[in-house]
Amino acid sequence: MAADTKKISLVGSISLGTGVMIGAGIFALVGQVAGIVGPWFPLAFLIGAVVAGVSSYSYIRYSSVNPSSGGIAMLLKGAYGPGVIAGSFSLFMYVSMVVAESLLARTFGTYLLRPFGLQDSPVLVPVLGIAAIVAATIVNLVGNRFVEGSATTTAVLKILGIAVLAVAGLIGAAASGGLFSSGGSSESSGLWGLLAGSTLCVLAYKGFTTITNQGDDIRDPSRNLGRSIVLSILICTVLYLLITLSVDASIGAEGAVDARDYALAQAAEPLFGAWGVGITVAIAVVATLSGLLASLYSVSRLYAMLQDMRQAPALPDRIPRQPLLITAGLAIVATAFLDLTQIASMGAFLYLTMDIAVQWGVIRHLRDEIDAKPWLPAITIILDLAILVPFTIFKVQSDLLTVVIAAAVAAVIFVAQIITVRARSRADAG
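If you're wondering where the values come from, they're calculated on a predicted model, not measured in any experiment. (Residues numbered from 1 in each chain as written. Predicted model: local features only at pLDDT ≥ 70, side-chain atom pairs only at ≥ 80, totals over all residues. Heavy atoms only, no water.)

### Re the overall build of the protein chain
Short version of the rule: Strands are runs of DSSP state E lasting at least two residues, helices are runs of H or I lasting at least four, and both sets are numbered from the N terminus onward. Atoms counted for the radius of gyration: C-alpha only. Globule rule: 2.2 Å times the number of residues to the power 0.38. Partly exposed residues are those whose accessible area sits between 20% and 50% of the maximum for their type, while under 20% is buried and over 50% is exposed, using a 1.4 Å probe and protein chains only. The contact rule is simple, with two residues in contact once any of their heavy atoms fall within 4.5 Å. All accessibility values rest on the Shrake-Rupley procedure with a 1.4 Å probe; residue burial counts only the protein chains present in the view. The charge count includes Lys and Arg as positive and Asp and Glu as negative, but it does not include His or the ends of the chains. Here the site of a charge means NZ on Lys, CZ on Arg, CG on Asp, or CD on Glu.
Scanning the protein chain from N- to C-terminus turns up 16 helices and 0 strands. The globule rule puts the C-alpha radius of gyration for 430 residues at 22 Å, and the 21 Å found for the protein chain is close to it. Counting only C-alpha atoms and orienting by the principal axes, one finds that the protein chain spans roughly 75 × 45 × 40 Å. A buried classification covers 58% of the 430 residues belonging to the protein chain. For the protein chain, contacts bridging at least 24 residues in sequence account for 84% of all contacts bridging at least 6. For the protein chain, the computed accessible surface area is about 16,500 Å², with 69% contributed by carbon and sulfur atoms. Averaging the coordinates of the 24 positive side-chain charges in the protein chain and doing the same for the 23 negative ones gives two points 9 Å apart.

In structure tokens:
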């Protein structure tokens, strides 16, 4: 019983999940999504919630039956065996999570600099982002209980802060007669654009997958993992709909596109003035820092599992807490060299590709073991492709470099895994 009390509670698990989800996804992506979708960007976030919600079924079924600290890695290993496929797609997930951390870090820098008009600084934004990663890494070194306690506190602050800001914005827009007439007249991009934009919205929810990495640390995982995932997605869906509707009522799609990486702060200014900007910046800073805390904790657990499977490199044995340090180091590199648009796009490509592999693995190999209904993973694959294909075509036409970088990262991962698995086989045979 004493050992169980040291584990993460259901509330703590939800806090960690929402801590990862409520961060850069809503603060940085609204403008980017509006640029693709047009005035229907709140609907795109709802579609993202539907895709994430249906997708979560497979993760919930597997993690409830086989809770572990490397949930996704173990799921892929169970589906495909400890070889190249499992290792490659596990690293897809890992890299997409690291990329998400750099998205959080750069969003932190962007919003912190917004009151000074320096939010577009090519130097200060990454410098502040790197400082945030370093700070979050130091806090994680203190231990799980500190991370859980801080996550619970900051999750409440973020949820209440965003909810109050969104509701106040909607009330203010209604009072001024602007609730149903947004501040811009951006032209709709149609169904194709709506589907493409929804791809980025999935990033605002994919933090639920980090909950599967808490298996060894959460109380009563067979019950609480699934509950934590469902409740985290529901909480974020409500908040995202409220805040996107508020942004649309305040500045419209065109205003969100103009503000791009700091659309929420821009939306607060017409209704609330400098105070609104200050409050939004404060919430964004809390959201991104707490998101980094939760993400570094969960993602390092996944890397530790990959090291145990001998499918991820390690540093010299004398260096402690390697998974955490490696994860933080990679996030710092991404923060230094990629902008928010590139980071978000790469994360979307890697995550959705990995998710398709997970769903197919459940259908082909795991459905009996975890008592899963195969039609739900099948629907998830259809939904993933329905948004990923339009997004890929859109990015090829508008940002080919990011597509090439994502493809190169994927290729490097596959080649590295082929080499790693062959070397491991020779070592085992010897």
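Picking up after the structure, the text goes on.
### With respect to the confidence of the model for the protein chain
To keep things clear, this is the line we draw: Each residue gets a pLDDT score, which is the predictor's confidence in that residue and runs from 0 to 100.
When pLDDT is averaged across the protein chain, the result is 85; 90% of the residues are at 70 or more. By mean pLDDT, the top-scoring element of the protein chain is helix α15 (residues 375-398) (96), and the lowest-scoring one is helix α1 (residues 2-5) (54).

### Topic: the packing of helix α9 (residues 190-202) against α15
Convention followed: For helices, the fitted line uses only the C-alpha atoms of the stretch in contact; every axis is such a line through C-alpha atoms, and the angle between N-to-C directions lies from 0 to 180 degrees. For classification purposes, angles smaller than 35 degrees are called roughly parallel, those larger than 145 roughly antiparallel, those between 65 and 115 roughly perpendicular, and all remaining angles oblique. Amino acids outside the nonpolar list (Ala, Val, Leu, Ile, Met, Phe, Trp, Tyr, Cys, Pro) and the charged list (Asp, Glu, Lys, Arg) are all regarded as polar, and Gly is one of them.
Two elements in contact, α9 and α15, have axes separated by 7 Å at closest approach and are oriented at 100°. As summarised for this structure, α9 and α15 are arranged roughly perpendicular, according to the angle between their axes. Contact residues: α9 offers Trp192, Leu195, Ala196, Ser198, Thr199, Leu200 and Val202, while α15 offers Ala386, Ile387, Leu388, Pro390, Phe391, Ile393 and Phe394. A breakdown of the residues in the contact of α9 with α15 according to their chemical character gives 12 nonpolar, 2 polar and no charged.

### Concerning the pattern of salt bridges
Heads up, the condition is: Each reported salt bridge corresponds to a side-chain nitrogen of Lys or Arg within 4 Å of a carboxyl oxygen of Asp or Glu.
Inspection of the entire model under this criterion finds 1 salt bridge. Between Lys395 and Asp399 there is a salt bridge, with the nearest N and O atoms lying 3.4 Å from each other. Each member of the pair, Lys395 as well as Asp399, carries the same accessibility label: buried.

### Details of unusual backbone geometry
Look at Arg310: it is not a glycine, yet its phi comes out positive at around 60°. Residue position: Arg310 is located in the loop between α12 (263-308) and α13 (322-337). The residue Asp371 is not glycine, and still its phi comes out positive at about 55°. In this structure, Asp371 sits in the loop between α14 (340-366) and α15.

### A word on the environment of Ser295
You can see Ser295 is positioned in helix α12. Taking the C-alpha atoms as reference points, Ser295 and Thr327, 32 residues apart in sequence, are found 9.8 Å from one another.

### Considering the side chain of Gln359
Within the secondary structure, Gln359 sits in helix α14. Apart from the residues within four sequence positions on either side, Gln359 is in contact with Ser55, Ser58, Tyr59, Pro377, Thr380 and Ile381.

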